[in-house]
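Spelled out from the first residue to the last, the chains are:
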Amino acid sequence: MSLPARPTYLDCDTGIDDSLALAYLLATPAARLVGIGTVSGNTDATQAARNTLDLCGLAGRDDIPVAIGRTDFLARPYDGGAPHVHGANGIGDVELPRSEGPVDARSAAQLLIDLSREHAGELRIVAIGPLTNLAVALEADPTLPERVADITIMGGAALVPGNISPVAEANIGNDPEAAARVIAADWDVTLVPLDVTMANPFEESHRAELLASDSPIARAVGEALDFYFDFYVPEYGRRMSALHDPLAAAISTGGVIPSLAPRVPVSVDATDGPGRGQTIADLRGQRVAPRDHDGVRTRVVLEAEGDVARHLVDLVTARA
Ligand code: BDR
Ligand code: CA
């Protein structure tokens with residue numbers, strides 16, 4: 001017997017890997033997307049909403065509310081994103097057919113608060129961009145965590161280098177003030193950092209399966225990945241990519257199971273020094289195997305089992 005689909009709010013900076021995560025969350029029977037908020041990161045929040053609406057349109061899901069969130073981060077202005085990674089429009093310069101779906105009139109933070117009331121105790125959050133909208137929602141309604149089942153965040157680097165500074169991963173490093181508040185809030189957080197996302201590849205053979213699919217959204221994501229694969233050549237030595245956001249999405253649904261995910265305190269460096277944006281996961285003194293800390297509600301995924309790319313491709317290319 002399959003479990004009922006979880007009502008899920010996605011917060012994203014859509015983004016090429018965000019697009020694959022979105023296609024996956026639209027396809028998996030384990031999630032029911034009830035709202036999407038956009039934030040600046042890979043591109044600005046308004047362009048991220050455009051990309052999100054158009055991708056949802058390709059999937060025939062214009063019904064999902066898409067709300068624009070904050071353009072600027074809590075303490076610093078948006079700085080132009082990552083066009084060298086995600087293209088000038090955030091999705092590898094692929095031109096998508098324009099969706100008829102309107103932008104939701106609410107802010108992303110308000111949409112999240114409203115959904116948490118509508119689905120109290122059930123709502124799952126998947127956050128795959130900077131955590132600005134979530135921090136704004138917590139500020140507006142400190143009781144929000146009481147109504148959220150769990151939150152999965154793609155972000156941070158526990159034992160590996162960062163990707164925008166020696167220590168900072170992009171989602172955390174773009175808005176460390178927001179990340180510090182969101183990770184410290186009283187809810188069950190699963191952090192999916194670079195330690196595990198860089199270790200799970202998506203290859204040309206997987207991209208070819210997306211391009212050959214009957215599904216328009218799968219084909220669009222396959223086209224966008226062309227740009228992303230170029231970016232990763234210096235990192236991996238060939239055309240392929242890491243699976244940042246899609247892995248976080250797949251862990252949130254239970255489609256991919258973490259094999260090593262200790263519950264440890266995590267703090268975020270929000271100072272102005274060279275450590276800005278670092279996630280400090282307390283893994284000290286764990287010479288044999290990481291152990292859980294009593295009462296800690298943040299687990300840090302260090303390893304995941306199974307063939308993650310296979311799981312994603314199978315669902316994203318499946319006939320509706
Ligand atoms: C994260 O930053 C963004 O570029 C990606 O979409 C992902 O969410 C990886 O560091
Ligand atoms: Ca992202």
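For the structure itself, consult the block above.
Report on the accompanying structure. (Residues numbered from 1 in each chain as written. Chains lettered and ligands numbered in written order. Predicted model: local features only at pLDDT ≥ 70, side-chain atom pairs only at ≥ 80, totals over all residues. Heavy atoms only, no water.)

**So, the packing of aromatic side chains**
1) Next: Across all of its chains, the model carries 4 aromatic pairs by this definition.
2) Next: Between the aromatic rings of Phe-73 and Tyr-78, the centroid separation amounts to 6.4 Å while the plane-to-plane angle is 70 degrees, which identifies the pairing as edge-to-face. By the burial criterion, Phe-73 is buried, and Tyr-78 matches it.
3) Next: Members of the aromatic cluster, connected to one another through ring pairs, are Tyr-228, Phe-231, Tyr-232 and Tyr-236. (Phe/Tyr/Trp six-rings, centres within 6.5 Å; stacked < 30°, edge-to-face > 60°. Buried < 20%, exposed > 50% of the residue type's maximum accessible area, 1.4 Å probe, protein only.)

**Examining the nonpolar core**
1) Next: Grouped together as the largest cluster of nonpolar side chains are 57 residues, with contacts concentrated most on Leu-10, Ile-36 and Phe-202.
2) Next: Breaking this core down by element, the ones donating at least two residues are β1 (6-12), α1 (16-27), β2 (31-38), α2 (45-58), α8 (194-197), α10 (216-231), α12 (244-253) and α13 (308-316).
3) Next: The contact partners of Ile-36, leaving out residues within four places of it in the chain, are Tyr-9, Leu-10, Cys-12, Leu-22, Thr-52, Cys-56, Ile-64, Pro-65, Val-66, Ala-67 and Leu-111.
4) Next: Val-34, Ile-153, Ala-178 and Val-268 belong to the second-largest nonpolar core, a separate cluster that totals 38 residues. (Core = buried A, V, L, I, M, F, W, Y, C linked by side-chain atoms within 4.5 Å. Helix = DSSP H or I, 4+ residues; strand = E, 2+ residues; numbered from the N terminus. Contact = heavy atoms within 4.5 Å.)

**What about unusual backbone geometry?**
1) Next: A cis amide bond links Thr-14 with the next residue in sequence, Gly-15, at an omega value of 5 degrees.
2) Next: Of note, Gly-15 is situated in the loop between β1 and α1.
3) Next: Non-glycine residue Asp-93 carries a positive phi angle of around 65 degrees.
4) Next: Looking at the secondary structure, you find Asp-93 in the loop between α3 (83-86) and α4 (108-118).
5) Next: What makes Asp-93 partly exposed here is its relative accessible area of 39%.

**Quick word on the pattern of salt bridges**
1) Next: Within the structure shown, the criterion is met by 22 salt bridges.
2) Next: For Asp-54, the salt bridge identified is with Arg-50, shortest N-O distance 2.8 Å. Placement of the pair is Asp-54 and Arg-50 together in helix α2, with a separation of 4 residues, close to one helical turn. No difference in accessibility class separates Asp-54 from Arg-50, as the two residues are buried.
3) Next: The salt bridge involving Arg-106 is made with Asp-104; its shortest N-O contact spans 2.8 Å. (Salt bridge = Lys/Arg side-chain N within 4 Å of Asp/Glu carboxyl O.)

**Describing the site of ligand 1**
1) Next: All residues in the neighbourhood of ligand 1 are listed as Asp-17, Asp-18, Asn-42, His-86, Ile-128, Met-154, Asn-163, Glu-169, Ala-170, Asn-171, His-244 and Asp-245.
2) Next: Contact distances for ligand 1 include 2.6 Å between an oxygen atom and a side-chain N or O atom of Asn-42.
3) Next: Side-chain polar atom of Glu-169 to an oxygen atom of ligand 1: 2.4 Å apart, as the coordinates give it.
4) Next: Against a free-state accessible area of 280 Å², the protein chains account for coverage of 95% of ligand 1.
5) Next: Every element with two or more residues in the shell around ligand 1 is listed here: α1, α6 (170-174) and α12.
6) Next: Of the residues contributing to the shell around ligand 1, the split by class is 3 nonpolar, 5 polar and 4 charged. (Near = heavy atom within 4 Å. Polar contact = N/O pair within 3.5 Å; in protein donor to acceptor, adjacent residues only side chain to side chain. Areas by Shrake-Rupley, 256 points an atom, 1.4 Å probe, with all protein chains shown as cover. Nonpolar A, V, L, I, M, F, W, Y, C, P; charged D, E, K, R; others polar.)

**Thoughts on the packing of α1 against α10**
1) Next: For the pair α1 and α10, the least separation of the axes is 9 Å and the interaxial angle reads 160 degrees. Classed by the angle they form, the pair α1 and α10 counts as roughly antiparallel. The interaxial crossing formed by α1 with α10 has left-handed handedness. Of α10, the residues touching α1 (which contributes Ile-16, Asp-17, Ser-19, Leu-20, Ala-23 and Leu-26) are Ile-217, Val-221, Ala-224, Leu-225, Phe-227 and Tyr-228. (Axes fitted to C-alpha atoms, helices over the stretch in contact; angles between N-to-C directions. Parallel < 35°, antiparallel > 145°, perpendicular 65-115°, else oblique. Left-handed = near helix turned anticlockwise from the far one by under 90°.)

**Here's the deal with the coordination of the calcium ion (ligand 2)**
1) Next: Taken together, Asp-13 (OD), Asp-18 (OD), Asp-18 (OD), Ile-128 (O) and Asp-245 (OD) make up the protein donors of the calcium ion (ligand 2), found 2.2 to 2.7 Å from the metal.
2) Next: In the primary sequence, the donor residues of the calcium ion (ligand 2) line up as D-x4-D-x109-I-x116-D. You can see Asp-18 sitting in helix α1 and its partner Ile-128 sitting in the loop between β4 (123-127) and α5 (132-140), a full 110 residues away along the chain.
3) Next: The class for Asp-18 is buried, based on a relative accessible area of 1%.
4) Next: A relative accessible area of 0% means that Ile-128 is categorised as buried. (Donors = N, O, S within 2.8 Å, 3.2 Å for Na, K, Ca; no water.)

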